[in-house]
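The residues making up each chain are set out below.
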Amino acid sequence: MRKGNHGGDWAAYQAKHDALPRFDFSANVSPLGPPEGVKRAMREAIEHVAQYPDPCCCALRKALGEHHGVDPAHILCGNGAADLIDRLALALRPKRALVTAPTFSEYAEALERVGGQVMSFPLREEDGFAVTPEILDAITPDVDVLFLCEPNNPTGRTTEPGLLQAILEKSRACGVLLVLDECFAPFLLTPRSQIPVLRAYRLLILRAFTKFYGLAGVRLGYCLCADTDLLDRMALAGQPWPVSNLAQVAGVAALRETAYAEKLRALLAQQRPWLKQQLERLGCFVLPGEANYLLFRSPDPKLGRRLERQGVLIRTCADYDGLGPNWFRVAVRTAAENQRLIETMEGLL
């Protein structure tokens, strides 16, 4: 049985401790939970679960197209972003791929499953784990695909806009498919996306409802790409009904939740600086993340296990390429939850 190295593994905690965690900071999911409008839409959709889902997700793709100003033909929906990463690897079967390190592990795992050679571009601590101009030298015609996470997981950093533009240009010149993972882009306080230039470059953009709308258990993601032939091959690379009726309805309803989005970003704008300051007060080195999580180095490499015994889950990052046992990631949650995290850490550090 496959066991992924991801946050939010409440089931493993429950099996080990015969209880649920008191606080879970290991998964970067909205602390506000799913919007009420989304929950209401899903309750109403229960009446239709005897029907097969629309395999083309027509209503959802139409809503997404209107939301992003994109032709629905340039959108493919899937069972979360991870499903679409797998479909892309199966459809493209790249011989050589480039990924940054540290970054989301699913890129390399999906590529390796189809026999691709994965090359890593190391992100250095002395550079704040930011992408540097040296990556342009690694983008060559013998690379088939480049994965770039914007903002990156687990660092929370985005690529400097001028450099990202240069990466787009170099990838196009070399015939490299640039895959931009924008799953955490909705959390950025200053909106930033490459969706407006989708048709100008060889570009595929990943998005998901998982994190921003608190729908991790629903499994709903989508990608945008002007290459409809590639999207067709991705659609054929997996099961024919990847998105359930409930997930499709949830996605359409979530796109209407503008007040929820504003409330969530306001919470993040207030709580992320506070949490960073408190972690630094406890002797941790904290990266200036731009998303709804913070990566930090703790003086205690056993911090994750010690917090677990207190019923608090954080993401231990030793399994990320380029990080060690002292690195951890915490989600930014509500003021009360963040306060409890710091109080618990004070007792340990």
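Report follows, based on the coordinates. Keep in mind that this is a model prediction, so the values were computed, not measured.

## Focus: the pattern of salt bridges
Counted according to the given criterion, the structure contains 18 salt bridges. Here Arg 87 ties to Asp 83 by a salt bridge, and the two come within 3.1 Å at their closest N and O atoms. Of this pair, Arg 87 and Asp 83 both sit in helix α4 (residues 81–92), 4 residues apart, which is roughly one turn of that helix. Accessibility assignment for this pair places Arg 87 and Asp 83 in one class, buried. Between Arg 172 and Glu 169 there is a salt bridge, with its nearest N and O atoms 2.7 Å apart. Remark: Glu 169 and Arg 172 occur in helix α7 (residues 161–174); sequence separation between them is 3 residues, near one turn of the helix. Taking the relative accessible area as the measure of exposure, Glu 169 reaches 31% and is therefore partly exposed.

## Details of the sheet that holds strand β9 (residues 285–286)
Two strands in a sheet stick together by hydrogen bonds in their backbones, pointing the same way (parallel) or opposite ways (antiparallel). If you trace the 4 strands from one edge of the open sheet to the other, you get β9-β10-β13-β12, paired in antiparallel fashion. Of all strands in the sheet, those bounded by a partner on one side alone are β9 and β12 (315–316). Note: strand β10 (residues 293–297) against strand β13 (residues 327–331), 5 bridges, orientation antiparallel. In the strand pairing of β13, Phe 296 is matched with Phe 328. Most of the contacts of helix α10 (residues 258–281) go to β10, to which it runs at about 10°, and overall it touches β9, β10 and β13.

## Remarks on the nonpolar core
Ranked by internal contacts, the top residues of the largest apolar core, which has 83 residues, are Phe 209, Leu 279 and Phe 296. Ranked by residues supplied to this core, first place goes to α10 with 6 residues. Sequence-distant contacts of Phe 209, that is, excluding residues within four places in its chain, are made with Leu 60, Leu 64, Gly 214, Leu 215, Leu 220, Tyr 222, Gly 251, Ala 254 and Leu 255. Of all hydrophobic cores here, the second largest spans 25 residues; its members include Val 99, Ala 110, Val 114 and Cys 223.

## Quick notes on the environment of Leu 92
Relative to the elements of secondary structure, Leu 92 occurs in helix α4. Linking Leu 92 and Ala 185, residues 93 residues apart in sequence, is a C-alpha distance of 25 Å. When neighbours within four sequence positions are excluded, Leu 92 is seen to be in contact with Val 145, Leu 177, Arg 202 and Leu 230.

## A look at the sheet that holds strand β2 (residues 75–78)
Taken together, the 7 strands give an open sheet; going across it, the order is β2-β8-β7-β6-β5-β3-β4, and neighbouring strands pair in mixed fashion. The sheet terminates laterally at β2 and β4 (117–122), the two strands that pair on one side only. Strand-to-strand twist across the sheet, computed as the mean angle between neighbouring axes with direction ignored, equals 20°. Two strands pair when backbone bridges link them, and strand β3 (residues 96–101) and β4 are joined in this way by 6 bridges, in the parallel orientation. Paired with Val 99 across the strands is Ser 120, a residue of β4. Sheet strands in contact with α4 are β2, β5 (145–149), β6 (177–181), β7 (203–208) and β8 (221–225), and its direction is about 155° off that of β7. Together, β3, β4, β5 and β6 form the strand contacts of helix α5 (residues 106–113), whose direction differs from that of β5 by roughly 155°.

## A closer look at the packing of α4 against α5
In the contact formed by α4 and α5, the axes pass within 9 Å of each other and the chain directions differ by 35°. For α4 against α5, the interelement crossing comes out right-handed. Contacts from Ile 85, Asp 86 and Ala 89 of α4 reach α5 at Glu 106, Tyr 107, Ala 110, Leu 111 and Arg 113.

## A short note on the packing of helix α2 (residues 36–45) against helix α9 (residues 245–254)
For the pair α2 and α9, the least separation of the axes is 8 Å and the interaxial angle reads 145°. Considering how the two elements wind past one another, α2 and α9 form a crossing that is right-handed. Residues Gly 37, Val 38, Ala 41, Met 42 and Ala 45 of α2 pack against Leu 246, Val 249, Ala 250, Ala 253 and Ala 254 of α9. Its residues assigned to classes, the contact of α2 with α9 comprises 9 nonpolar, 1 polar and no charged.

## A closer look at the packing of aromatic side chains
Within this structure, the stated rule accounts for 14 aromatic pairs. Summarising the aromatic geometry, the rings of Phe 212 and Tyr 213 are spaced 5.2 Å apart at their centres and angled 85° between planes, so their arrangement reads as edge-to-face. The residues Phe 212 and Tyr 213 share a single accessibility class, namely buried. Lying over the aromatic face of Tyr 293, Arg 329 brings its terminal NZ or CZ to 5.9 Å of the ring centre.

## Considering the layout of surface pockets
Empty space within the largest pocket amounts to approximately 1,200 Å³. Lining the largest pocket are 48 residues, and of these His 6, Gly 7, Lys 211, Ala 216 and Arg 219 lie nearest its centre. Secondary-structure elements contributing two or more residues to the lining of the largest pocket are α1 (10–17), β1 (23–24), α4 and α5. The element contributing the most residues to the lining of the largest pocket is α4, with 5 residues.

## Topic: α2
Taken residue by residue, α2 has Gly 37, Val 38, Ala 41, Met 42 and Ala 45 as its buried positions. Take α2 and look down its axis: the buried residues cluster within an arc of 135°, on one side only. Across α2 from its buried face, at more than 90 degrees, point the exposed residues Arg 43 and Glu 44. Buried-residue contacts for α2 involve α9.

The rules behind each value
Residues numbered from 1 in each chain as written. Predicted model: local features only at pLDDT ≥ 70, side-chain atom pairs only at ≥ 80, totals over all residues. Heavy atoms only, no water. Salt bridge = Lys/Arg side-chain N within 4 Å of Asp/Glu carboxyl O. Helix = DSSP H or I, 4+ residues; strand = E, 2+ residues; numbered from the N terminus. Buried < 20%, exposed > 50% of the residue type's maximum accessible area, 1.4 Å probe, protein only. Pairing = 2+ DSSP bridges. Contact = heavy atoms within 4.5 Å. Axes fitted to C-alpha atoms, helices over the stretch in contact; angles between N-to-C directions. Core = buried A, V, L, I, M, F, W, Y, C linked by side-chain atoms within 4.5 Å. Left-handed = near helix turned anticlockwise from the far one by under 90°. Nonpolar A, V, L, I, M, F, W, Y, C, P; charged D, E, K, R; others polar. Phe/Tyr/Trp six-rings, centres within 6.5 Å; stacked < 30°, edge-to-face > 60°. Lys NZ or Arg CZ within 6 Å of the ring centre and 35° of its normal. 1 Å grid on protein atoms, 1.4 Å probe; cavity = no way out; pocket = protein on both sides within 12 Å on 5 of 7 lines; lining within 4 Å. Points joined across faces, edges and corners; volume = space filled by probe spheres on them. Arc of directions from axis to C-beta.

These results come straight from atomic positions and should not be treated as a statement about function.
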